[in-house]
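Tertiary structure, described
Chain by chain, the residues run as shown.
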Amino acid sequence: MSLTAFGQKEDFINNIQKNIINLLKSLPSGRLGGSQQEKQTFYIIKDKIDSIGFISRFQKFSCKSFIIKKEKLIIKKNGKEISIKCAGIGFSNNTYPNTTSGEIILLNNNATHLPQKVRGKIIICTKSTRSKMYADFLEKGAQGFIEISDPGCGIRSTQLKGEYIDLPNNIPGVSVSYNNGITITKMLPAQATIILHQVIQFSESMNLIVNINGHSMPDEKIIIGAHVDTVQNTKGACDNGSGVVTLLEILRRLRNFKSDRSLIFIWFGCEEYGWKGSSYFMSQCDTISEIKLMINLDSLGGYIENNEVKISGTEKIYSHFIDFVKQKHYCCCVKRERGTGDDIVFSQKNINTICFHKGTPYIHTNKDNLNTIDAAALLTTSIFLTKYLKEIANKNIKF
Ligand SMILES: [Zn+2]
């Protein structure tokens, strides 16, 4: 045990880090939007909020969710069949009780247009290509798709997002590892058969909200949020358990803070389906013009990855943030652009947004676990953000 004041301070910090990590450990895996695991996580967070001494409320909403029952990919060449390990892509089309077969056609990474004659075929591509061109796949009559995950991360679990979830003419899709992507590509020309059985249903998801009412400027609101849900088959330690626990740590640090502006802490549901929780929050908010800033915490705590901060909004908020970062010696890479998570819903309404991201290469895979989470980085970010919130909540600044 340390005897110096400095040593005691270090012990104290180590304890906070331990608490943050223990909380992260306690979050259930596979917190898919609308699942029991997601709900369970919300109750764990609510308990913590209660124990800090804040009042919170659930904002429930209905969401479409999916459960994959069966996923199979068979490649056929010269009369031989091989079965390739795969994961069904959520909200893509069911083949059940039938199968979907077709010749495989390779779409280069970063392709900007589809090759001729994809009709009736099964496209093999990467996720970024699929995301950009999915509507084209449907329009040009592709039969299904195989998505190749990034190298070194196994099979990346994924689902269709946003407006694609409800398309009537969806096609079935599965994802495979990078190595198996190469195996299949080497076999071309070949045929693929996809078997996908998933149950699509309506479930209940929610947001969890804590209001800290402002004293002198209650009508000026600052939101700070993190999403709770994950994709399938993952612990989601980085994406976004890290954001969940960091947000709690910031709230804990603000328990005796008297704020001039109103602060709203929100844990969002269903982000991975295309920002469903944050969109629902905005649809129910009749004072959108009072929201001056939204801060989003999405995937923090990687050890060696870039600590990225993306700012979208006025010059004032941007230059003030840059000055503050320098003053506090917070190590990050600030970019003036929109983030890609729940903050998008706010920046689309012309609200200032700041998105924090220090991801790992294993996001959306079964390797997104505690091994790649740096507790010290989470603590540093929560200390910095507490200081920033105290500054911005009381500063005489016009947003
Ligand atoms: Zn995320």
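Residues numbered from 1 in each chain as written. Predicted model: local features only at pLDDT ≥ 70, side-chain atom pairs only at ≥ 80, totals over all residues.

Focus on the domain arrangement of the protein chain
The domain architecture assigned to the protein chain consists of domain 1 (5-30 + 213-394) and domain 2 (65-200). Taking only C-alpha atoms into account, the centre of domain 1 sits 34 Å from that of domain 2. With 13 residues of domain 1 at the interface, the matching set in domain 2 holds 14 residues. Considered class by class, the residues forming the side of domain 1 that touches domain 2 number four nonpolar, seven polar and two charged. (Domains from an automatic or database assignment. Contact = placed C-beta atoms within 7 Å. Nonpolar A, V, L, I, M, F, W, Y, C, P; charged D, E, K, R; others polar.)

Quick notes on the pairing of strand β9 (residues 217-227)
Sheet topology places β9 next to strand β10 (residues 261-268); eight bridges connect them, and they run parallel. From the neighbouring strand, Met-217 faces β10, where its bridge partner is Arg-261. In this fold, β9 hands off to helix α5 (residues 237-253), which returns the chain to β10; that crossover is right-handed. Two strands pair when backbone bridges link them, and β9 and strand β11 (residues 291-297) are joined in this way by five bridges, in the parallel orientation. Residue pairing in the sheet places Ile-224 in a bridge with Ile-295 of β11. (Pairing = 2+ DSSP bridges. Helix = DSSP H or I, 4+ residues; strand = E, 2+ residues; numbered from the N terminus. Right-handed = clockwise from strand over helix to strand, strands pointing away.)

Here's the deal with unusual backbone geometry
The peptide bond linking Tyr-96 to Pro-97 adopts the cis configuration, its omega dihedral lying at 5°. Here Pro-97 is to be found in the loop between β3 (87-88) and β4 (100-106). Positive phi is not limited to glycine here, since Asn-233 has a value of about 55°. When you line up the elements, Asn-233 lands in the loop between β9 and α5. Look at Asn-233 and you get partly exposed, because 19 C-beta atoms sit within 10 Å. Not every positive phi belongs to a glycine, and Trp-275 is a case in point at roughly 55°. Along the chain, Trp-275 turns up in the loop between β10 and α6 (276-283). Trp-275 gets classed as buried once you count the C-beta atoms within 10 Å, which come to 24. (Buried ≥ 20, exposed ≤ 12 C-beta atoms within 10 Å, placed from the backbone.)

Some thoughts on the packing of helix α2 (residues 36-52) against α5
In contact at an axis separation of 10 Å, α2 and α5 are set at 15° when each is read in the N-to-C sense. As far as their axial angle goes, α5 and α2 are roughly parallel. Both α2 and α5 take part in a crossing whose hand is right-handed. Judged by residue contacts, Ile-45, Lys-48, Ile-49 and Ile-52 of α2 engage Val-244, Leu-248, Leu-251 and Arg-252 from α5. Looking at the contact of α2 with α5, its residues break down into six nonpolar, no polar and two charged. (Axes fitted to C-alpha atoms, helices over the stretch in contact; angles between N-to-C directions. Parallel < 35°, antiparallel > 145°, perpendicular 65-115°, else oblique. Left-handed = near helix turned anticlockwise from the far one by under 90°.)

Overview of the packing of α5 against helix α9 (residues 375-394)
How two helices pack is summed up by the angle between their axes together with the distance between the axes. Between α5 and α9, whose axes approach to 9 Å, the crossing angle comes to 45°. What the angle tells us is that α5 and α9 run oblique. Crossing of α5 over α9 shows right-handed handedness. Here Ser-242, Val-245, Thr-246, Glu-249, Ile-250 and Arg-253 of α5 come into contact with α9, specifically with Leu-378, Thr-381, Ser-382, Leu-385, Thr-386 and Leu-389.

Description of the environment of Glu-337
Mapping Glu-337 onto the fold places it in the loop between β13 (333-335) and α8 (343-347). Linking Glu-337 and Glu-315, residues 22 residues apart in sequence, is a C-alpha distance of 12 Å. In contact with Glu-337, other than residues within four places in its own chain, are Lys-310 and Ser-312.

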